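The chain contents come next:
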Amino acid sequence: MFTRLRRSFADLSWFSREVLILAHCLILGVTVVPILIWLAGNHALGPYTHGSNTHAGPLALLADFFAGLGRGAPTFWLVALGPAILILLLRVFVAVLRRPASAPRSN
């Protein structure tokens, strides 16, 4: 199954692969990452209180998160774009490691 999936992914054009990777990163950034933040915060800081509702859970956090995205708050966008930024940094790191070492100069 994974072989077929990898082969069909490899058959896509460069642009289609990049759009697919970016779409998955954005979906993770607006769904999974805020929930992970809620879980960590709930464990370390206690329950997330939303206004007067002291029993607000992850859905209240997601509602606040989407409202922050709608307002254009940079911190919310950083969280949403976080997976894409991590993939970009990983690609740069790998490219630097794979770069051939320059030949030493002889004087």
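Everything here concerns the structure above.
Numbering of residues starts from 1 in each chain and follows the order in which that chain's sequence is written. Note on the predicted model: pLDDT of at least 70 is required for a residue's local features to be given, and 80 or more for side-chain atom pairs to be given and counted; whole-chain, interface and lining totals, by contrast, use all residues. No hydrogens and no water enter the side-chain calculation; it runs on all heavy atoms of the structure.

*Asks:* Can you walk me through a nonpolar patch on the surface in this structure?
*Replies:* Together, Leu22, Leu26, Trp77, Leu78, Leu81, Ile85, Leu86 and Leu89 line one region of the surface with nonpolar side chains, adding up to about 720 Å² of accessible area. Tracing the chain through its elements places Leu89 in helix H4 (residues 74–98). Each patch is assembled from residues with relative accessible area greater than 30% and no salt bridge, linking like charges that lie within 9 Å and nonpolar side chains (Val, Leu, Ile, Met, Phe, Trp, Tyr) that lie within 5 Å. Using the Shrake-Rupley algorithm and a 1.4 Å probe, accessible areas are obtained, with residue cover drawn only from the displayed protein chains. Here a salt bridge means any side-chain nitrogen of Lys or Arg lying within 4 Å of a carboxyl oxygen belonging to Asp or Glu. Helical segments are the DSSP runs of H or I of at least four residues, strand segments are the runs of E of at least two, and each set is numbered from the N terminus.

*Asks:* Sorry if this is basic, but what is going on with H4 here?
*Replies:* A turn of α-helix holds 3.6 residues, and therefore any two residues three or four places apart point the same way. Two axes define the bend at a residue: one fitted to the seven residues ending there, one fitted to the seven starting there, and the bend is the angle between them. Helix geometry: H4 is bent most strongly at Leu81, by close to 55 degrees, with proline Pro83 lying one to four residues after it. Partly exposed residues are those whose accessible area sits between 20% and 50% of the maximum for their type, while under 20% is buried and over 50% is exposed, using a 1.4 Å probe and protein chains only. Among the residues of H4, those classed as buried are Ala80, Gly82, Pro83 and Ala84. Here, two residues are considered to be in contact whenever any of their heavy atoms come within 4.5 Å of each other. Along its buried surface, H4 packs onto helix H2 (14–45) and helix H3 (58–71).

*Asks:* Can you help me understand the environment of Pro47 in this one?
*Replies:* Residue position: Pro47 is located in the loop between H2 and H3. Taking relative accessible area as the criterion, Pro47 reaches 59% and is therefore assigned exposed. In this structure the C-alpha to C-alpha distance between Pro47 and Pro58, which are 11 residues apart in sequence, comes to 9.7 Å.

*Asks:* Can you walk me through H2 in this structure?
*Replies:* Expected helix span is taken as 1.5 Å per residue step, with the number of steps being one fewer than the number of residues. An ideal rise of 1.5 Å per residue puts 46 Å on 32 residues; H2 measures up with 43 Å between its terminal C-alpha atoms. Its maximal kink placed at Gly29, H2 deviates by approximately 40 degrees. Along H2, the positions that sit buried rather than exposed are Cys25, Gly29, Pro34 and Trp38. Tucked inside the fold, the buried residues of H2 contact H3 and H4. Phi turns positive, to about 105 degrees, at Gly46, one or two residues after H2.

*Asks:* I keep staring at the packing of H2 against H4 and nothing clicks. Help me out?
*Replies:* The relative placement of two packed helices comes down to the angle between their axes together with the axis-to-axis distance. Here the axes come from fitting lines to C-alpha atoms, over the contacting stretch only for helices, and the angles between their N-to-C directions go from 0 to 180 degrees. Interhelical geometry of H2 versus H4 gives an angle of 125 degrees and a closest axis separation of 6 Å. Judged by the inter-axis angle, H2 sits oblique to H4. In the packing of H2 onto H4, the handedness of the crossing is right-handed. Facing Glu18, Ile21, Leu22, Cys25, Leu26, Leu28, Gly29, Val30, Val33 and Ile37 of H2, the residues of H4 in contact are Val79, Ala80, Leu81, Pro83, Ala84, Ile87 and Arg91. Asp, Glu, Lys and Arg are counted as charged, while Ala, Val, Leu, Ile, Met, Phe, Trp, Tyr, Cys and Pro are counted as nonpolar; the rest, among them Gly, fall into the polar class. A per-class count over the contact of H2 with H4 returns 14 nonpolar, one polar and two charged. With respect to orientation, any angle under 35 degrees is reported as roughly parallel, any angle over 145 as roughly antiparallel, any angle of 65 to 115 as roughly perpendicular, and every other angle as oblique. Here a crossing is called left-handed whenever its near helix is offset anticlockwise from the far helix by less than a right angle, and right-handed whenever the offset is clockwise.

*Asks:* Whenever I open this one, the packing of H3 against H4 confuses me. Can you help?
*Replies:* At a minimum axis separation of 8 Å, H3 and H4 run at an interaxial angle of 110 degrees. Classified by the angle between their axes, H3 and H4 sit roughly perpendicular to one another. Listed contacts from H4 to Asp64, Phe65, Gly68, Leu69 and Arg71 of H3 are Phe76, Trp77, Val79 and Ala80. By residue class, the composition of the contact of H3 with H4 is six nonpolar, one polar and two charged.

Just geometry here; none of it tells us what the structure is for.
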